[in-house]
Each structure stands twice: as structure tokens, then as C-alpha cells.
Amino acid sequence: MRVLAEVHRRDGYPVNWPDQPAEWLSQTSLLRSWVAGLGGRVVGHVSLSRSGEGDLAPGLWSGRNGTSAAETAVVSRLFVAPEARGHGFGALLIGRAVEESRRRALHPVLDVVASDTAAAALYERLGWERLATVEQRWSPSQLVTVHCYAAAS
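Once a new chain begins, its residue numbering starts again from 1 and follows that chain's sequence as written. Local features are withheld for residues below a pLDDT of 70 in this predicted model, meaning they are given only at 70 or higher, and side-chain atom pairs are given and counted only at 80 or more; totals for whole chains, interfaces and linings count all residues. Values reported for side chains reflect all heavy atoms of the structure, with hydrogen atoms and water molecules removed beforehand.

Undergrad: Sorry if this is basic, but what is going on with the overall build of the protein chain here?
TA: The helix count covers DSSP runs of H or I at least four residues long, the strand count covers runs of E at least two residues long, and both are numbered beginning at the N terminus. Tallying secondary structure elements over the protein chain gives five helices and six strands in all. Ordered by position from N to C terminus, the α and β elements of the protein chain give α-α-β-β-α-β-α-β-α-β-β. Since a compact globule built from 153 residues should have a radius of gyration of about 15 Å, the 15 Å found for the protein chain is in line with a globular shape. Based on the C-alpha atoms only, the size of the protein chain along its principal axes is roughly 45 × 40 × 30 Å. To sort residues, take the accessible area from a 1.4 Å probe on protein chains only and compare it with the maximum for the residue type: under 20% means buried, over 50% means exposed, and anything in between is partly exposed. The buried share among the 153 residues of the protein chain stands at 44%. In the protein chain, once contacts between residues fewer than 6 apart in sequence are set aside, the share between residues at least 24 apart is 59%. Throughout, the Shrake-Rupley method with a 1.4 Å probe supplies accessible areas, and for residues the shown protein chains are the sole cover considered. For the protein chain, the accessible area works out to roughly 8100 Å², and carbon and sulfur atoms hold 51% of it. Considering the protein chain, the positive charge centre built from 16 side chains and the negative charge centre built from 15 side chains are found 5 Å apart. C-alpha atoms define the radius of gyration in this analysis, and the globule rule sets the expected value at 2.2 Å times the number of residues to the power 0.38. Contacts: residue pairs with any heavy atoms within 4.5 Å of one another. His is not counted, nor are the chain ends, whereas Lys and Arg count as positive and Asp and Glu as negative. All charge positions are set by atom: Lys at NZ, Arg at CZ, Asp at CG, Glu at CD.

If you want it as C-alpha cells, here you go:
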């Protein structure tokens, strides 16, 4: 929780701080999650889950490929402590999630808020394809622009 709180203070991720951060990290649709460590400290996290309400990328990918959204896995909850950035932890964590997704015969997808330009740049550097940029209503008063990505086949 310490690293997540630090990332939120510095970068605004997650956009809306969860009431129960531990529950947010271990959502009910969770397939698996990983942490990265450095010097005995957790410095990063990523999750892989089944598609849930509000996940746009699974539907976009399945629509393009004539498959079911059930054939996707959502990479989410990715964050790296500010002091650990630039050492490849983000790419390592994403790689683990992609590997597990493929092991399960699922295609990895993700959604990211458009304002998180560093995350979008990382996904694109790793070869992820931007499927669309859409507006998503997170609450009656919050409209958010989201990029939807799929891992390269």
C-alpha cells in the first residue's frame, strides 16, 4: 500500500483513490498478480484479471477478431515506485502478465487513462497496439478519456 500511495501522491494513479486499497489490488476477477522487489522492498505491482464491468479493451479486441471477450485477460493495477523507475520493472511486470495470459490461452489487453502519457509510452514501446481512444463515464460528474490497448499477437 505504501508504494501505491506514493504513486498516487506523485502521479495521480489511481485517478480515484480507492476506499479499500487492498481490495482494489485484489479485485474479485483476479487471475494472478506479481510484485517487483529491490533491496528487500516492494517497488512495483501488476495484476492480470478477467474482463469486468467498465473494461473496454476486451470488447474492442474481441470485436476486431471475431472472438469473445472471455478470450482476453486484462492487465491492470500496474505501478512502479518513483525511485525504482528507469530500471525495467514496468516492462518486467507487464512481461509476466503477458506470459501468464498466453499460458492460459488468453489475449492480454488493457485500458489506461489518456493523461497517463508515461504508461501509454511504455505500452507502445513494448509493441502494444492502441485499439481506440474513448470517453468513459466513471461517475455522473467524471468523464475520462481512456486509451485501449492489446498486446501484439
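Undergrad: Hey, could you run me through the environment of Gly37 in this one?
TA: Note on placement: Gly37 falls in strand S1 (residues 30-38). For the pair formed by Gly37 and Phe89, sequence separation is 52 residues and the distance between their alpha carbons is 8.9 Å. Not counting residues up to four positions away in its chain, the partners in contact with Gly37 are Val42, Val43 and Phe89.

Undergrad: How should I be thinking about the sheet that holds strand S5 (residues 129-139) in this particular structure?
TA: In sheet architecture, strand pairing relies on hydrogen bonds along the backbone and comes in two forms, parallel and antiparallel. When DSSP finds two or more bridges between a pair of strands, those strands are recorded as paired. What the six strands build is an open sheet, ordered S1-S2-S3-S4-S6-S5; its pairing is mixed. Looking at strand neighbours, the two that pair on one side only are S1 and S5, the edges of this open sheet. Taken pair by pair, the neighbouring strands of this sheet meet at an average axis angle of 30°, ignoring direction. Between N-to-C directions, angles span 0 to 180 degrees; the directions come from axes that are lines fitted to C-alpha atoms, helices contributing only their stretch in contact. Helix-sheet contacts for helix H5 (residues 117-125) involve strand S3 (72-80), strand S4 (107-113), S5 and strand S6 (142-150), and the interaxial angle to S6 is about 15°.

Undergrad: Is there a simple way to think about unusual backbone geometry in this case?
TA: With an omega of -5°, the peptide bond between Tyr13 and Pro14 qualifies as cis. In this structure, Pro14 sits in the loop between helix H1 (2-11) and helix H2 (21-25). Phi is positive for Arg77, which is not a glycine, with a value near 55°. Among the secondary structure elements, Arg77 is positioned in strand S3. Taking relative accessible area as the criterion, Arg77 reaches 19% and is therefore assigned buried.

Undergrad: Could you clarify how one ought to interpret helix H4 (residues 89-103) in this entry?
TA: Multiply 1.5 Å by the residue count of a helix minus one, and that product is the helix's expected span. The terminal C-alpha atoms of H4 lie 21 Å apart, and with 15 residues this matches the ideal 21 Å at 1.5 Å per residue to within 8%. All of the buried residues along H4 are Phe89, Gly90, Leu93, Ile94, Ala97, Val98, Glu100 and Ser101. Buried residues along H4 sit against S1, strand S2 (41-49), S3, S4 and H5. With its phi angle positive at about 60°, Ala105 sits one or two positions after the end of H4.

Undergrad: Help me out: how do you make sense of the pattern of salt bridges in this one?
TA: Proximity of charged atoms lets side chains of opposite charge pair with each other. Each salt bridge in this description consists of a side-chain nitrogen of Lys or Arg and a carboxyl oxygen of Asp or Glu lying within 4 Å of one another. All chains considered together, the criterion is met by nine salt bridges. Residue Arg41 pairs with Glu83 through a salt bridge whose shortest N-O separation is 3.3 Å. Of this pair, Arg41 sits in strand S2 while Glu83 sits in the loop between S3 and H4, and the two are 42 residues apart along the sequence. For Glu83, a relative accessible area of 40% puts it in the partly exposed group. Several salt bridges share partner residues, and in doing so they unite Arg32, Glu100, Arg103 and Arg104 into one network.

Read these as spatial facts, not as claims about activity.
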